[in-house]
Each structure stands twice: as structure tokens, then as C-alpha cells.
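Commentary on secondary and tertiary structure
This is what each chain is made of:
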Amino acid sequence: MTTPEAEQTEQSQSPRPEERLEKAVRAAEQALIDFEIAVETFRVEVENFARLHEQRLGPLYARIEELDASIAEARAARTQDPEDIRRAAEARANLSPIPGVEELLHGWMDGQGLFPEATAMLTDQPVRPPERVRPSEEVRKLYRDLARKAHPDLAQENDERTRREEFITRVNAAYARGDEALLLELAAEWAAGPVPPERQPSPSDELYARLEWLSQRKELLTLVARELENGAIAGMLRLAPDDPDSLLTEIAERLHGDIARRESDLAALLTQE
């Protein structure tokens, strides 16, 4: 016969109804954090390569467009054909300055044309190296460790979540710049900060709502990741994942060849005049 004391002991040792659900929420939270870290890491890599691509190749593309317009104008001047004149006007119109062109070309060109740095690069003269940000393995490790420790999704209280969101914003900015020193400072700051409160048991309905939110968040991140993967820059990265610089060098060499051919064509047209 079971005594009241034994029955009370058995009840105290039985798992709470919400325990399995709480474990599922914690597992889903950690999976989402790992996924967010992967997406953010990929986003930084794509943005950095896009910046380097524009800085190295943007002036070459601009030179090709300028030569195409000049060739069309020289041909129109020689033939006086109405269709040639229309094409020349259209090519020149496409080169007209637009608002924000300097920002779009990252400082290589303004309404007056190419900056000296761009001209120097096109003529093989010394030029300032393009800005590069490629986080080292140590920087990546620091970033992942901080993101896992301080991720806002681990917060239960609004104030704590706000604190974590502000902190992670600073961490993301430091990672995007590849700033290892700042990441080390942020790691020390987090270690010295307040300890997050212990996770408290939540009612079943709140836990189910939490799982639903985590699922929706993952779907959103999946769309972001898919958009990044389908972009032209990500496609270029896939062509040379181990050495993307060599791909830019190869493209630059082809563009220099295109420029040389266009310059020769333009000179021939001008000579015929």
C-alpha cells in the first residue's frame, strides 16, 4: 500500500507537463541562432565582395561605356546616318550623371568624370588599394561566440532583450569591419556585464507561441538567405570560393582587353575623319 509520503515523493519526481515543450523551445532557439549567424556571416562576405568588385571593376566598366559612346558619336559624324545619330545620342544619354552616382561608384566617379585614382588604375599607374574587409578566422570565432552568448532571442524580459539587441548591433558592426580589437573589447564588456536571469518555466500556451514565432523567424531568414544565394555576387563567389581575388583579376584582364580594342576602334574612326 502506497503511503501519502511515498505518493508525494513520486509526484515530486515526475516531470512537469511543460518540460518537454521547454526543451523543444530551447533547441529551436539555438538552431535559429546558429542559422542567423550563418546567414549574417554569408551576408557580410557577399557585401564585402560586392564592394571590392565595384571598386576594382567599376572604373573599367565606366571606361567601356564612355568609349562605346565616343565610338557611336564618331561613327555618326562620319556616316550622318539618322539611325547612327540616334544610337550615338542614346549612348551619350546613358552616361548622364544621376543623383548619388558618386556613392554608387564608391568614390570613383562624379559628374565631371573619373577621379584621378580611377584614371591611374586604368593607365597602370600607382593607385591606392581598394578597401578590403575579409574577416579572419579569429574574428569569425569571436563573432560567433559573442552572438551565441548575447543573442536577443535568449532574453525573457523586455529590458534584457533591448540590452542584447543594442549590444549585438555593435557586435555586427565590428564584425562587418573585421575589427578584432573591438570584438575583444566587446567580449570583455559582455563578460563583465549582468548575468542573464535564469530561464523561468513558461505556461504551455506561451511556449507554443514561442515555437510559432521561432518558425516564422526561420522562414524569414530562409528567404533572406535564398535572395543572397541567387544574387550575381554570390554566383561569382561560387566560381572561386577559395580565391575570389583571382576571379576579379581575371575579369579585370578581360576588361582591359575590351578597353584596348575599343580604343583602337575609336582611333581608327577618328583617323578616317
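Residues numbered from 1 in each chain as written. Predicted model: local features only at pLDDT ≥ 70, side-chain atom pairs only at ≥ 80, totals over all residues. Heavy atoms only, no water.

**Description of the overall build of the protein**
- Broken down by element type, the protein carries eleven helices and two strands.
- Listing each helix as α and each strand as β along the protein from the N terminus yields α-α-α-α-β-β-α-α-α-α-α-α-α.
- Counting over 273 residues, the protein shows a buried share of 32%.
- Across the protein, the fraction of contacts at a sequence separation of at least 24, relative to all contacts at a separation of at least 6, is 72%. (Helix = DSSP H or I, 4+ residues; strand = E, 2+ residues; numbered from the N terminus. Buried < 20%, exposed > 50% of the residue type's maximum accessible area, 1.4 Å probe, protein only. Contact = heavy atoms within 4.5 Å.)

**Observations concerning the confidence of the model for the protein**
- For the protein, the mean per-residue pLDDT works out to 79, and 75% of the residues sit at or above 70.
- Of the regions scoring below 50 in pLDDT, residues 98–114 engages in 31 contacts with residues more than four places distant in sequence or in other chains. (pLDDT = per-residue confidence, 0-100.)

**Quick look at helix α11 (residues 244–272)**
- Between its first and last C-alpha, α11 extends 43 Å over 29 residues, near the 42 Å set by a 1.5 Å rise per residue.
- Those residues of α11 lying buried are Pro-244, Asp-245, Leu-247, Leu-248, Ile-251, Ala-252, Leu-255, Ile-259, Leu-266 and Leu-269. (Expected span 1.5 Å × (residues − 1).)

**A look at unusual backbone geometry**
- Positive phi, close to 60°, is recorded for Gln-80, a residue that is not glycine.
- Residue placement: Gln-80 occurs in the loop between α2 (19–79) and α3 (82–93).
- Look at Gln-80 and you get exposed, because its relative accessible area is 52%.

**Structural notes on the packing of aromatic side chains**
- In this structure the tally under the stated criterion is two aromatic pairs.
- Residues Phe-167 and Trp-190 carry aromatic rings whose centres are separated by 5.0 Å and whose planes lie at 40° to one another, so their mutual orientation is tilted. With a gap of 23 residues between them, Phe-167 in helix α7 (residues 158–176) and Trp-190 in helix α8 (residues 180–192) connect regions that are remote in the sequence.
- Of note, Lys-218 hangs over the ring of Phe-35, and the distance from its end group to the ring centre comes to 5.1 Å. (Phe/Tyr/Trp six-rings, centres within 6.5 Å; stacked < 30°, edge-to-face > 60°. Lys NZ or Arg CZ within 6 Å of the ring centre and 35° of its normal.)

**A short note on the side chain of Asp-84**
- Residue placement: Asp-84 occurs in helix α3.
- Notably, Asp-84 is buried but unbridged: the nearest opposite-charge side chain belongs to Arg-87, and the N-O separation is 4.1 Å.
- Residues in contact with Asp-84, not counting those within four places in the same chain, are Ala-72, Arg-75, Ala-76 and Thr-79. (Lys, Arg positive; Asp, Glu negative; His and termini not counted. Salt bridge = Lys/Arg side-chain N within 4 Å of Asp/Glu carboxyl O.)

**Points about the packing of helix α6 (residues 137–150) against α8**
- Close contact between α6 and α8 brings their axes to 10 Å; oriented N to C, the two are set at 25°. Taken together, the axes of α6 and α8 lie roughly parallel to each other. Note on packing geometry: the crossing formed by α6 with α8 is left-handed. Packed against α6, whose contacting residues are Glu-138, Val-139, Leu-142, Leu-146, Lys-149 and Ala-150, the element α8 presents Glu-180, Leu-183, Leu-184, Leu-186, Ala-187 and Trp-190 at the interface.
- A per-class count over the contact of α6 with α8 returns nine nonpolar, no polar and three charged. (Axes fitted to C-alpha atoms, helices over the stretch in contact; angles between N-to-C directions. Parallel < 35°, antiparallel > 145°, perpendicular 65-115°, else oblique. Left-handed = near helix turned anticlockwise from the far one by under 90°. Nonpolar A, V, L, I, M, F, W, Y, C, P; charged D, E, K, R; others polar.)

**Re the nonpolar core**
- Residues Leu-57 and Met-236 are the most contacted members of the largest nonpolar core, which totals 23 residues.
- Mapped onto this core, the elements with two or more residues apiece are α2, α10 (232–239) and α11.
- Ranked by residue count, the leading element in this core is α2, at nine residues.
- Those residues in contact with Met-236 that lie beyond four places of it in its chain are Phe-49, His-53, Leu-247, Leu-248 and Ile-251.
- Ranked by size, the runner-up nonpolar core spans 17 residues in total, among them Val-44, Ala-150, Ile-168 and Leu-183. (Core = buried A, V, L, I, M, F, W, Y, C linked by side-chain atoms within 4.5 Å.)

**Quick notes on the environment of Phe-49**
- Looking at the secondary structure, you find Phe-49 in helix α2.
- The class for Phe-49 is buried, based on a relative accessible area of 1%.
- Between the alpha carbons of Phe-49 and Asp-245 there is a distance of 9.0 Å; along the sequence they are 196 residues apart.
- The contacts of Phe-49, once residues within four sequence positions are left out, are Ile-233, Met-236, Leu-237, Pro-244 and Leu-248.

**Some points on the pattern of salt bridges**
- Applying the stated criterion across every chain, the model contains 23 salt bridges.
- Among the ionic pairs, Lys-23 bridges to Glu-19, the shortest N-O distance being 3.9 Å. On the criterion of helical spacing, the pair formed by Lys-23 and Glu-19 is a turn pair, its members being four residues apart in helix α2.
- Residue class for Lys-23 comes out partly exposed when judged on its relative accessible area of 47%.
- Taking the shortest distance from any N to any O, the salt bridge between Arg-217 and Glu-36 comes out at 3.1 Å. Here the residue Arg-217 occupies a position in helix α9 (residues 204–230), and Glu-36 occupies one in helix α2, the gap between them amounting to 181 residues.
- What emerges from the salt-bridge pattern is a single network uniting Glu-83, Arg-86, Arg-87 and Glu-90.

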